[in-house]
Amino acid sequence: MANHARAVLFHELGGPDVLKIEEVQLADPGPGEVHVRIDAIGLNRAEALFRAGSYYYQPALPGSRLGFEAAGMVEAVSPDVAGFAPGDAVSIISDQEMSRHGVYADRVNVPAQSLLPRPAPVDAITGAALWTTYLTAYGALVEVGRTNPGDSVVITAASSSVGLAAIQIANHLGAVPIAVTRTAAKSTRLLQSGAAHVIAADEGDLVSRVHAVTGGKGARIVFDAVGGPGLSELAETVAADGLLIVYGWLDPRPAPLPMNWPVTVHGFNVDLITADPDRMSRARAFIEAGLRTGTLKPAIDRTFDLADIVEAHRHLESNTQIGKVVVTVQH
């Protein structure tokens, strides 16, 4: 087992250039920990916010780690850990303490409860792109939204990895996914990805266009990653018996709600699923069934090498991607 690792650290808040690859000491796995060789890392917009100091908690500086989603192989386990052994293929869903347990590295020690077995057909890139994305979309649409066949589901930031997962899950449930994107540039790709309708937000009049494609009813579920001032308009697209689920704040400005009550708003965090064993068990069964049947398949936008982590973060923030950005690790 290696006693050192190459890890991505940052010592100050800022843009992608603050990320540095440094050699760090790596102790034997402590109580409840597993030593994992990382083969692929899934990037999430939350990590860019964390690096910039805009996330809901602040990094511990200097020397903060980064990242909470990866895939690899178990190399060693603490004696008190059951259920995992050297050679096991796994995915990592970290406990959110990125400064401490960040997975941007070639090897890490992580709590055993952060691991999921990775079935043989699931390669490392897929295993790194899968869980945060689909747990978020599943949790919002199924556990919170109780989406039914025929329901209209508005999905903002639809070309993101979570947005594409939500399109797939809505279709899997027999619902009608309505993709909202900033411009029309990605419309064709979103239709090819399963969206029933695509609405470009910059063309204006979002409310009337949603009502037009929903027969005047509005959407039973609105699944929003953006927040900001546009949330007020978005809330007006929700049907009378519907639900506005907000899971992100790509626009950090204040987000007023409309004054035309009633409207039901749910602030969603994936911890609602990962911290609840029953919900997590249902989520795994749902997602793994979708993988087996092919109705759920992570969309990979582009891969980068770990050595190019700065460029990977620039691409992550470019808003040009469609799907997940993944970093691979050479050994």
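A brief structural summary. Along each chain, residues carry numbers from 1 onward, in the same order as the chain's sequence is written. Only residues with pLDDT of 70 or above have their local features reported here, since the model is predicted, and side-chain atom pairs are shown and tallied only from 80 upward, although totals for entire chains, interfaces and linings are computed over all residues. The side-chain values count all of the structure's non-hydrogen atoms but skip hydrogen atoms and water molecules.

Each residue is assigned to one of three classes by its accessible area relative to the maximum for its type, calculated with a 1.4 Å probe on protein chains only: buried under 20%, partly exposed between the two thresholds, exposed over 50%. Numbered from the N terminus, helices here are DSSP runs of H or I no shorter than four residues, and strands are runs of E no shorter than two. Within helix α6 (residues 206-213), burial applies to Leu206, Val207 and Val210. Down the axis of α6, the buried set is contained in an arc of 100 degrees. They therefore lie on one face. Its buried side turned inward, α6 meets β8 (152-155), β9 (176-181), β10 (197-200), β11 (219-224) and α7 (230-235). Positive phi appears at glycine 215, one or two residues downstream of α6, with a value of about 65 degrees. This arc corresponds to the set of directions leading from the helix axis out to the C-beta atoms. Note on contacts: a residue pair is in contact if any heavy atoms of the two residues lie within 4.5 Å.

Moving on, we get to unusual backbone geometry. Proline 62 follows leucine 61 through a cis peptide bond whose omega is -5 degrees. One non-glycine residue, asparagine 319, lies in positive phi territory at about 65 degrees. Along the polypeptide, asparagine 319 turns up in the loop between α10 (309-316) and β15 (324-328).

Working definition: a ring pair exists when centres of Phe, Tyr or Trp rings (six-membered ring for Trp) sit within 6.5 Å. Plane angles under 30 degrees give stacked, over 60 give edge-to-face, the rest tilted. Per the stated rule, a full pass over the model turns up nine aromatic pairs. Considering the side-chain rings of phenylalanine 50 and tyrosine 57, the 5.2 Å spacing of their centres and the 55 degrees angle between planes classify their relative orientation as tilted. We classify phenylalanine 50 as buried; its relative accessible area is 0%. An angle of 20 degrees between the planes, with centres 4.3 Å apart, marks the rings of phenylalanine 223 and tyrosine 247 as stacked. Residue phenylalanine 223 is found in strand β11, and its partner tyrosine 247 is found in the loop between β12 (238-246) and β13 (265-267); the two are separated by 24 residues along the sequence. Accessibility expressed as a relative area gives 0% for phenylalanine 223, which makes it buried. When its relative accessible area of 17% is taken as the criterion, tyrosine 247 is described as buried. A network of ring pairs unites the aromatic residues Phe10, Phe50, Tyr55, Tyr56, Tyr57 and Trp249 as a single cluster.

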